[in-house]
Amino acid sequence: MSRYSSQASVGLSAQEIDVAYGRDVVVHAASVTLRAGTVTALIGPNGSGKSTFLRALSRLHPPASGEVRFADGAELRALSAKDLARRITLLSQQRTAPGGLSVRELVEFGRHPHRSRWAGNDPDGPAAIERAMELTGLGPIAERPVQALSGGQAQRTWLAACLAQDTGLLLLDEPTTFLDLRYQVEILDVVRDLADQHGVGVGVVLHDLDQAAAVADRLLLLENGRVSAEGAADDVLTVENLTRAYGIEVEVHRDPADGRIHTRAVGRFNAASL
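What counts as what
Residues numbered from 1 in each chain as written. Predicted model: local features only at pLDDT ≥ 70, side-chain atom pairs only at ≥ 80, totals over all residues. Heavy atoms only, no water. Buried < 20%, exposed > 50% of the residue type's maximum accessible area, 1.4 Å probe, protein only. Helix = DSSP H or I, 4+ residues; strand = E, 2+ residues; numbered from the N terminus. Arc of directions from axis to C-beta. Contact = heavy atoms within 4.5 Å. Domains from an automatic or database assignment. Buried area = accessible area lost by both parts, 1.4 Å probe. Salt bridge = Lys/Arg side-chain N within 4 Å of Asp/Glu carboxyl O. Polar contact = N/O pair within 3.5 Å; in protein donor to acceptor, adjacent residues only side chain to side chain. Nonpolar A, V, L, I, M, F, W, Y, C, P; charged D, E, K, R; others polar.

S.K.: What am I meant to see in helix H9 (residues 239-246) here?
M.R.: Along an α-helix, residues three or four apart share an orientation, since each turn contains 3.6 residues. Among all positions in H9, only Asn241, Leu242 and Ala245 are buried. Take H9 and look down its axis: the buried residues cluster within an arc of 90°, on one side only. Looking at the buried residues of H9, the elements they touch are helix H7 (209-215), strand S8 (218-223), strand S9 (226-231), helix H8 (233-236), strand S10 (250-254) and strand S11 (261-265). One or two steps after H9, the chain reaches Gly247, where phi turns positive at roughly 70°.

Here it is as structure tokens:
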């Protein structure tokens with residue numbers, strides 16, 4: 001497969017940012033560095049600020065304070081919308097497709113930042129679109145109306161549009177939502193390949209802790225809008241950290257066969273099997 005992005009050396013660093021809705025600060029003094037070729041997973045309970053933090057990194061929800069800069073020194077807030085869209089892509093949870101579009105046409109929207117204002121020239125567009133559709137398995141339904149898609153098919157179509165945007169930084173908010181087991185695994189394989197083979201920096205919100213441990217190089221655990229733990233899976237996915245963050249007893253063990261970390265929340269229905 002050819003190089004994914006011409007922006008593959010891009011990195012991003014957020015320092016001590018607060019994010020607010022009106023007067024209500026929901027992310028407090030949070031910092032993160034997204035490095036080229038590295039997958040960083042944001043984990044934590046519902047309402048901990050994961051998605052809001054991710055949106056702030058894309059300027060979809062500008063921080064109230066703190067600083068976000070790219071590795072080349074450019075400030076997030078100083079870039080034009082088109083320049084920003086050539087550097088960073090966000091797959092958010094809230095999205096609406098215009099009516100009457102096919103799968104291929106929606107994926108083509110990802111090329112908008114690369115098209116000239118008047119002529120619409122985009123010589124790299126066709127290859128980027130085909131590559132994105134191949135990576136997400138959309139070829140057989142390319143001409144199907146978006147409105148006729150299942151939840152999982154729609155999720156893959158939006159992800160393909162993000163991939164077609166062809167940026168060096170990719171932000172994904174719960175990309176495995178609505179997907180069956182096969183496509184969950186395949187999408188996370190794509191995420192890993194983008195980092196390993198193409199140098200893309202990925203920030204991803206995941207609720208499945210085992211998936212986060214398997215796919216990510218670094219994890220950030222958020223609690224009540226604050227980063228409470230950061231580092232490799234071994235350092236973040238501990239019994240103490242997870243039990244405190246989720247408010248329920250959480251077991252952590254390592255599979256002797258593959259060495260991977262696995263977690264289990266203990267409730268009444270499964271306590272007897274301990």
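S.K.: Help me understand the domain arrangement of the protein in this model?
M.R.: It is common to give the size of an interface as the accessible area that goes away when the parts come together. Assigned domains of the protein: these are domain 1 (8-87 + 167-273) and domain 2 (96-166). Distance from the C-alpha centre of domain 1 to the C-alpha centre of domain 2: 25 Å. Taken residue by residue, the interface counts 17 residues in domain 1 and 15 residues in domain 2. The contact between domain 1 and domain 2 buries some 1,300 Å² in all, and 65% of this surface belongs to carbon and sulfur atoms. Scanning the region where domain 1 abuts domain 2 turns up 0 salt bridges. At the boundary of domain 1 with domain 2, the tally comes to 5 residue pairs in polar contact (both at pLDDT 80 or more). For the side of domain 1 that touches domain 2, the secondary structure elements donating two or more residues are helix H2 (81-85), strand S6 (169-173) and helix H6 (181-198). Looking at which element gives the most residues to the side of domain 1 that touches domain 2, the answer is H6, with 4 residues. Of the residues assigned to the side of domain 1 that touches domain 2, the class counts are 10 nonpolar, 4 polar and 3 charged.

S.K.: How should I be thinking about unusual backbone geometry in this particular structure?
M.R.: Comment: phi is negative for the bulk of residues other than glycine, and the bulk of peptide bonds are trans. Phi at Glu174 takes a positive value of approximately 55°, unusual for a residue other than glycine. Position of Glu174 relative to the elements: it lies in the loop between S6 and H6. Backbone geometry places Asn224, a non-glycine residue, at a positive phi of 50°. Secondary-structure assignment places Asn224 in the loop between S8 and S9.

S.K.: Would you mind going over the environment of Gly231 with me for this structure?
M.R.: Among the structural elements, Gly231 can be located in strand S9. Looking at Gly231, the relative accessible area reads 5%, which means it is buried. Sequence separation between Gly231 and Asp258 is 27 residues, and the spatial gap between their C-alpha atoms is 21 Å. Leaving out residues up to four positions away in the same chain, Gly231 has contacts with Asp217, Arg218, Leu219 and Val236.

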